[in-house]
Amino acid sequence: MRPARSGSGLPEGKDRDLDGLLALVARGDETAFASMYDQLSGPVYGLIRRVVRDPAQSEEVAQEVMLEVWRAATRFDPAKGSAATWVLTIAHRRAVDRVRSAAAAAEREKRTSVLLSAGDEVAEAVEASLERERVRRCLDGLTDLQRQSITLAYYGGHSYREVAGLLGLTLGTIKTRIRDGLIRLRDCMGVT
Amino acid sequence: MRSLRVNLHALTGAYAVDAIDDESERARFEHHVRRCHDCTAELRGMADTATRLAFAATQPAPPELRDRVLAAVSRTRQLPPNVERSRQTEAGRAAARRPPVAWRPRVAWLVAAASVIAVIALTVALIQTRGQLDKTRARQARIAAVLAAPDARAVSQPTSAGGTATVVYSRSHRALVVTSARLPPTPPGKVYELWLLGPPKVRPAGFLRPARNGRSVPVLVPGLLHGDQLGLTVEPAGGTPKPTTPPILVLPLGA
């Protein structure tokens with residue numbers, strides 16, 4: 001059913017292309033950086049928009065992330081993971097840092113109500129590509145609690161404490177649901 | 001002990017989606033991961049899974065962003081590669097076992113703090129193996145409790161006499177643990193005396209005794225109040241109730 005994949009399980013060869021590009025970027029190749037930008041700016045910007053929401057702020061964060069990728073490419077170690085995961089880990093971290101800063105606290109309160117229905121939102125937003133379809137199917141395969149916990153934490157940029165508060169459950173339950181859910185998603189997506 | 005480990009292990013998911021906002025909790029988890037082979041593999045799979053979630057959220061970036069980023073790139077210097085790490089095989093392997101952690105700038109501080117805590121813990125352990133008295137054990141248990149406190153923070157600062165003082169403090173325990181490295185020996189008849197420099201008043205906080213290996217024995221200082229700073233002076237043997245010389249160190253202890 002699922003083809004054998006390696007790394008993040010992105011479409012065939014994409015992982016390897018990106019790893020190769022990042023190796024060139026590490027040597028200061030700006031053309032390689034531009035190609036990498038073209039492949040990853042969509043996921044980077046999209047993810048940041050999901051977490052940060054405000055378009056202007058999202059653009060700022062995306063710019064910081066891309067510049068960080070350029071600066072730190074020299075320190076990327078392919079033994080530790082794929083280039084795509086490296087870049088998107090930076091993007092998520094930066095987006096979360098942005099929403100967790102004190103100034104964003106009030107804004108986050110406002111978003112809470114929206115986030116509570118984030119599970120449905122995923123289903124709505126996800127329709128175009130096959131990739132989205134796959135992820136949506138996998139998200140559908142989770143329990144409601146697993147899906148809500150992961151969505152609130154990853155797309156919502158909430159800490160697991162906040163997720164526990166939002167869902168009215170114990171910290172232990174949330175920790176476990178995030179972990180179980182990710183493991184189930186991983187298996188469903190064919191990530192090795 | 002066992003349940004603590006299991007507890008930490010359950011954090012892999014939360015860690016993979018950046019959902020641990022308590023820095024000391026994250027530091028403890030990262031410490032655990034370094035010695036946990038299973039965790040590394042699990043975290044890697046989870047990070048890749050998160051990447052898939054990110055791809056599912058793809059939205060076209062504003063076109064002008066591309067120009068801005070490429071312009072910024074053309075005038076930004078890249079970081080020097082981390083040569084040292086790849087040369088040391090042992091360290092390299094340890095790093096490989098670690099999750100995306102090392103990529104994150106903020107982790108540098110945490111790692112520094114964690115290693116400071118590890119050094120203190122080691123010193124404590126060494127003293128313990130030398131088999132000292134029950135009283136010492138009780139003191140060490142209190143030191144260990146401060147080091148393990150969820151709100152423990154580590155700060156380090158060079159003294160004006162040379163060497164570095166390191167403090168791990170916990171507001172919830174109202175205590176701090178002080179140690180130092182490479183502090184020069186005191187002149188004969190003198191000692192290093194610690195102080196809590198508080199807005200209400202200055203209180204003596206014990207003595208820092210440089211040990212032979214250049215590190216001082218960790219000192220537990222109870223009675224920490226909000227707004228206290230830690231001071232260090234050179235005083236006549238036996239100590240004084242109030243500092244009589246200018247401090248060689250004043251270390252602010254943040255909130």
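Quick caveat: nothing in here was measured; it's all calculated off a predicted structure.

Residue and element names in this part refer to chain B. Taken in spatial order, the 4 strands make up an open sheet running S5-S4-S7-S8, and their pairing is antiparallel. Each edge of the sheet is formed by a strand with only one pairing partner; in this case those strands are strand S5 (202–208) and strand S8 (249–252). Ignoring strand direction, the axes of neighbouring strands in this sheet form an average angle of 30 degrees. Alignment of strand S7 (residues 229–236) against S8, held across 4 bridges, turns out to be antiparallel. Following the sheet pairing, Gly231 is matched in S8 by Val250.

Residue and element names in this part refer to chain A. Between its first and last C-alpha atoms helix H2 (residues 30–52) spans 28 Å; for 23 residues at 1.5 Å apiece the expected length is 33 Å, and the helix comes up short by more than 12%. Maximum bend of H2: about 50 degrees, positioned at Leu40, with proline Pro43 one to four residues after it. Among the 23 residues in H2, 17 count as buried, and that is most of the element.

Below, the discussion takes up the pattern of salt bridges. Oppositely charged side chains can form a pair if their charged atoms are brought close together. Residue and element names in this part refer to chain A. Overall, the coordinates contain 17 salt bridges over all chains when judged by the stated rule. Between Glu68 and Arg94 there is a salt bridge, with its nearest N and O atoms 3.4 Å apart. Remark: Arg94 occurs in helix H4 (residues 83–100) and Glu68 occurs in helix H3 (residues 55–72); sequence separation between them is 26 residues.

Conventions we followed
- Residues numbered from 1 in each chain as written.
- Chains lettered and ligands numbered in written order.
- Predicted model: local features only at pLDDT ≥ 70, side-chain atom pairs only at ≥ 80, totals over all residues.
- Heavy atoms only, no water.
- Pairing = 2+ DSSP bridges.
- Helix = DSSP H or I, 4+ residues; strand = E, 2+ residues; numbered from the N terminus.
- Axes fitted to C-alpha atoms, helices over the stretch in contact; angles between N-to-C directions.
- Expected span 1.5 Å × (residues − 1).
- Bend = angle between axes of the 7 residues up to and from the residue.
- Buried < 20%, exposed > 50% of the residue type's maximum accessible area, 1.4 Å probe, protein only.
- Salt bridge = Lys/Arg side-chain N within 4 Å of Asp/Glu carboxyl O.

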